Amino acid sequence: MFNLKSTTMFKNYIKSSVRFLMRNKVFASINALGLSIALAASFIILLFVINERSYDHFHKNREQIFRVLNYYVDYDKTTAETPYVLATTLKEEFPQVEKAIRTRNLRGFKIKLKDEYINVPQALGTDSEVFDIFTISMIGSTLNKGLLDDENAIVISRDLAEKIFTDQDPIGKEIVGLINNEDHIFIVKGVYENIPENSIFRATCMVNSKWSIDPINKVYGIANADKKWDINYWITWVLLSKDSNIALFEKQFRTFEKKHFSEKANNHYSLQNLSNVYLGSDKIENSKIAGNLKTVKLFSSIAFLIVLVATINYIILSTAVATSRTKEIGIRKTAGADNKSIRNQLLSESILLALLVLPIALVMMWVTLPYAGKLFQTNLHIISSNFIIYAIVYVSVTIIIGVASGIYTSSYLSRLKVISILNNTMYLGKRKQFLRSFLIIIQLVIFCSFVSSTLIIRSQYKYALSKDPGHFTKNILLIDLGRDFNGYSAYINSIKSNPNVIMAAGTVSGLPMSNSGYEIFSHFQDKERKIQGEGIAVGYNFLKTMGIPVVEGRDFSEEYGSDLTKSAILNESAVKQLGITDPIGKVIKNQTIIGVVKDFNLHSIHSIIPPLIITLTDRYIMQIAIYYNPGTLNSLLPMLKEEWKKVAPDRPFSYTTIEEVIKDVYSSERNLTTIISIFAFFTFLIAVIGLFGLTLFVARSKTKEIGIKKILGSTEKSIIYSFLLENFILVSLASLISIPITYYLMTKWLNNFAYKISISWWVFSIAFTIAAIMVLLTVFINAYKASHINPVKALMYE
């Protein structure tokens, strides 16, 4: 009986809601427009947030999986890279470690297919227990045990298997793989389903971890990198028992470190749970795939603000049509309806409208996803494993908006007394007017904050692009050589012979550098004092090529044979912070200082200029920087490509300009400017709709008052002026309130930069001007109509 009655009441609510929406098509259409824009925008942001937060949630044992972090005491830096020997040692000495593996990407790994080599990105050297630690689904009846125990074993992904073995069973088949520049035969031991994209553990194929040792041995000129505790190039993963005490385990690391390092260990190990790796690694070096928790929080806040604006907008518009519903409510109360049933009826209208808008919002989101992905700098799309989460979140947000939007209007109208309604004495006092004005102010505060924030971010972005970094920012071409490039000398000599090339030089990494080579220096006056700095290895003429002036001493020169192994150049910051007087001829790091260069930005302006030591190398050149004559790039590139084919026919020709590098370094700031600008526009669009509803409500409620004023001699201009003045005050208040909020938030954001702009007053003035123009223009439309009403008709208005 109860269920039947509830169902009947629910059906009646729906029918009444539909009839109301059909009768008030303008109200429904405007509200639907505002809600659909808000929902679509918030859905896109929530898609990004859900995707970011869902990383590695599909791993069954994720609460027991940990990555070992390596903290360098001297450098005050934490890295994800550890020694090869760490994994097996942890398993041997700690009973709570059930499984342990090391992983390292195998750069340059290729597979021979029909007499041609194909690149295999994300080839991984690891151990057999990887299949016990991570949830990796095997195809067929392959057992997970010991798949990579054999040195020539290989396990491949479904995509790679289909590419190599079309319509064949790969198990037991041979593959010729190019690894460490040599051909080797591998036996396929298994095929696994493609690892989901929302995983920080990714691999196209996996081989025995021993294949990752030889390249490191070659770099250090040793034969036992797998036994050395001071060579850190591998990621160590462990699976702990369920009853493990993580805090106690990390304390035990101190004893472990003393045993394998020394009594005063300079490395401290710690654990990071798999669930925290993707969004908790922004300060961890060499963390590979990583998200940004600050970005997730920022976009979550933007989504909340958009939903808030849409909710406020609905409340204002509902208030605007409330007067047309008072008699309906009075009649229903006379017929016996109680406050609860009327409140539920009004609330169901807002929820129904929100649900009706949901499909429209989803379509809008789907259409705009590709463009949003470019702005978010990610492949923004629906992940199948997250589908249920999307559905729950999207429907929940929609219902929450519906409930939040209707709660005020339904509560307010349901409490009206019958006599007041029938006598047309509905309470329109200062308290209600204050609430509506307050809601408009909130919308305008959000908009003004968005606009001024956009201007500040854009100013910082333009400052970053225009600031002199101390080296050339134009007419520099950077060619990627990759590791173990054997044709460097021949190639750079052919480049220098081109008449359009002013200067060319090799380097380990071009400017501005994205990675760091940390160094610890002893202070020259106080040997106990340690100074952290950085180092960069370059080829001959690199400083001249990049336009970095030597202010004291000399540059590296081929005329001095000792420069290659025994000479160094410092920057001004190094000389100053290390307390060096008369630096030329002094010895640092077993190398003689031959020169001092003017300070230049080694990285982006996010970081300060560090004390820097520049050394000469001919072994680790991975890029060539070319300084060319302006306007000659298009004629230079064909020659560079032809010469490349002569020295490295098996490698792709990859290049970029320094302008593109610099823009890419600050691409997040550029995209953030665009994103906030777009959401500012949406926010204001929705706010203007709400403001239109508010002025419509005020105009209707003051119809008789306006008629009396006109009879008593008020002019149309004075009536319009009264409307504009009231809303100008709202804009002014909103603008003033937004200033400290924006200043606080933007100051925190600018603190991410070592070199930054000062926040100027004009950004707030522009935000106020834009808001004032649009608001007053919107209000003027209704004010103009109200001021031209016929006084006789106004006095007859009900």
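Parameters and conventions
- Residues numbered from 1 in each chain as written.
- Predicted model: local features only at pLDDT ≥ 70, side-chain atom pairs only at ≥ 80, totals over all residues.
- Heavy atoms only, no water.
- Helix = DSSP H or I, 4+ residues; strand = E, 2+ residues; numbered from the N terminus.
- Buried < 20%, exposed > 50% of the residue type's maximum accessible area, 1.4 Å probe, protein only.
- Areas by Shrake-Rupley, 256 points an atom, 1.4 Å probe, with all protein chains shown as cover.
- Expected span 1.5 Å × (residues − 1).
- Bend = angle between axes of the 7 residues up to and from the residue.
- Core = buried A, V, L, I, M, F, W, Y, C linked by side-chain atoms within 4.5 Å.
- Contact = heavy atoms within 4.5 Å.
- Arc of directions from axis to C-beta.
- Salt bridge = Lys/Arg side-chain N within 4 Å of Asp/Glu carboxyl O.
- Axes fitted to C-alpha atoms, helices over the stretch in contact; angles between N-to-C directions.
- Parallel < 35°, antiparallel > 145°, perpendicular 65-115°, else oblique.
- Left-handed = near helix turned anticlockwise from the far one by under 90°.
- Nonpolar A, V, L, I, M, F, W, Y, C, P; charged D, E, K, R; others polar.
- Phe/Tyr/Trp six-rings, centres within 6.5 Å; stacked < 30°, edge-to-face > 60°.
- Lys NZ or Arg CZ within 6 Å of the ring centre and 35° of its normal.
- Pairing = 2+ DSSP bridges.
- pLDDT = per-residue confidence, 0-100.
- Polar contact = N/O pair within 3.5 Å; in protein donor to acceptor, adjacent residues only side chain to side chain.
- Patch = residues over 30% accessible without salt bridge, like charges linked within 9 Å, V, L, I, M, F, W, Y side chains within 5 Å.

A. Summary view of the overall build of the protein. Within the protein, the regular secondary structure consists of 25 helices and 24 strands. Considering the protein as a whole, with its 798 residues, one finds that 50% of them fall into the buried category. Carbon and sulfur atoms form 58% of the exposed surface of the protein, whose accessible area is close to 38700 Å².

B. Representation of helix H23 (residues 716-750). Compared with the 51 Å implied by 1.5 Å per residue over 35 residues, the 49 Å span of H23 between its first and last C-alpha is a close match. Of all bends in H23, the biggest is about 25 degrees, found at Ser738, and the proline Pro740 comes one to four residues later.

C. Region of the structure containing the nonpolar core. Counting residues in hydrophobic clusters, the biggest one holds 147 residues, and the most contacted among them are Phe131, Phe134, Met206 and Ile614. Those residues within four positions of Met206 in sequence are excluded, and the remaining contacts are Leu124, Thr126, Val130, Phe131, Ile136, Leu148, Ala153, Ile154, Val155, Tyr192 and Phe201.

D. Structural view of unusual backbone geometry. Cis geometry marks the peptide bond from Leu511 to Pro512, where omega comes out at -10 degrees. Within the secondary structure layout, Pro512 lies in the loop between strand E15 (501-507) and strand E16 (518-522). Here the phi dihedral of Asp582 falls at roughly 50 degrees; this positive angle occurs in a residue that is not glycine. In this fold, Asp582 is placed in the loop between helix H18 (572-577) and strand E20 (587-588).

E. Structural view of helix H20 (residues 658-665). Where H20 is concerned, the buried positions are Ile658, Val661 and Ile662. End-on view of H20: buried residues confined to an arc of 95 degrees, all on one side of the axis.

F. Looking closely at the pattern of salt bridges. Throughout the structure, instances matching the rule amount to 16 salt bridges. Note that Arg158 and Glu193 form a salt bridge whose closest N and O atoms lie 2.8 Å from each other. Remark: Glu193 occurs in the loop between strand E9 (182-192) and strand E10 (205-208) and Arg158 occurs in helix H5 (residues 158-164); sequence separation between them is 35 residues. For Glu193, a relative accessible area of 31% puts it in the partly exposed group. Among the ionic pairs, Arg554 bridges to Asp563, the shortest N-O distance being 2.8 Å. Residue Arg554 is classed as partly exposed on the basis of its relative accessible area of 22%. Assessed through its relative accessible area of 0%, Asp563 is described here as buried. Three or more residues are tied together by salt bridges with common partners; here these are Arg158, Glu162 and Glu193.

G. Looking closely at the packing of helix H15 (residues 488-496) against helix H19 (residues 633-647). Packing of H15 against H19 brings their axes to within 10 Å, and their N-to-C directions diverge by 155 degrees. For the element pair H15 / H19, the angle class is roughly antiparallel. The chirality of how H15 crosses H19 is right-handed. Of the residues in H19, those in contact with Ala490, Tyr491, Ser494 and Ile495 of H15 are Met639, Leu640, Glu643, Trp644 and Val647. Residue composition of the contact of H15 with H19, grouped by class: seven nonpolar, one polar and one charged.

H. Broad picture of the packing of aromatic side chains. For the structure on display, the rule yields 32 aromatic pairs. Look at Tyr72 and Tyr75: their rings are 6.0 Å apart centre to centre, the planes differ by 70 degrees, and that puts the pair in the edge-to-face class. On the basis of relative accessibility, which here comes to 22%, the residue Tyr72 falls in the partly exposed class. The class of Tyr75 is partly exposed, set by a relative accessible area of 22%. It is Lys467 that lies over the ring of Tyr755; its NZ or CZ is 4.7 Å from the centre. The lysine or arginine in question, Arg554, covers the ring of Tyr560, its NZ or CZ lying 3.6 Å from the ring centre.

I. Main features of the pairing of strand E1 (residues 65-72). Of all the eight residues making up E1, six are buried; the element is thus mostly covered by neighbouring parts of the structure. Sheet analysis places E1 next to strand E2 (residues 77-79), joined by three bridges and oriented antiparallel. Along E2, the bridge assignment pairs Asn70 with Thr79. In sequence, E1 turns back onto E2 through a hairpin of four residues, with Asp76 there showing a positive phi of about 55 degrees.

J. Examining the confidence of the model for the protein more closely. For the protein, the mean per-residue pLDDT works out to 85, and 88% of the residues sit at or above 70. Mean pLDDT across the secondary structure elements of the protein bottoms out at helix H25 (residues 791-795), with 53, and peaks at helix H16 (residues 542-546), with 97.

K. Structural detail: the environment of Val397. Along the chain, the position of Val397 falls in helix H12 (residues 387-414). You can call Val397 buried: its relative accessible area is 17%. A sequence separation of 43 residues divides Val397 from Ala354, and the C-alpha atoms of the two residues are 9.7 Å apart. Residues in contact with Val397, not counting those within four places in the same chain, are Leu39, Phe43, Leu46 and Val307.

L. Structural view of the side chain of Ser494. Along the chain, Ser494 turns up in helix H15. Engagement of the side chain of Ser494 in a polar contact is seen with the backbone oxygen of Tyr491, the distance being 2.6 Å. Setting aside chain neighbours within four positions, we find Ser494 in contact with Met639 and Glu643.

M. Structural detail: the environment of Pro196. With respect to the helices and strands, Pro196 occurs in the loop between E9 and E10. Sequence separation between Pro196 and Tyr55 is 141 residues; the distance between their C-alpha atoms is 9.2 Å.

N. Region of interest: the packing of helix H3 (residues 86-93) against helix H7 (residues 246-260). Where H3 meets H7, the closest approach of the two axes is 13 Å, and the angle between their N-to-C directions is 120 degrees. Here H7 runs oblique to H3, going by the angle between their axes. Like other packed secondary-structure pairs, H3 and H7 cross with a definite hand, here right-handed. Contact residues: H3 offers Leu86, Thr89, Leu90 and Glu93, while H7 offers Phe253, Phe256, Lys259 and His260.

O. Highlighting a nonpolar patch on the surface. A grouping of Tyr721, Leu725, Ile729, Leu733, Ile737, Ile741, Tyr744 and Leu745 is seen on the molecular surface, where their side chains present a nonpolar patch of about 760 Å² in accessible area. Mapped onto the elements, Ile737 comes out in helix H23. According to the relative accessible area criterion, Ile737 is partly exposed, its value standing at 40%.

P. Spatial organisation of the side chain of His523. When you line up the elements, His523 lands in the loop between E16 and strand E17 (530-538). Its relative accessible area of 7% is what places His523 among the buried residues. Polar contacts involving the side chain of His523 include one to the main-chain amide nitrogen of Gln525, which spans 3.0 Å.

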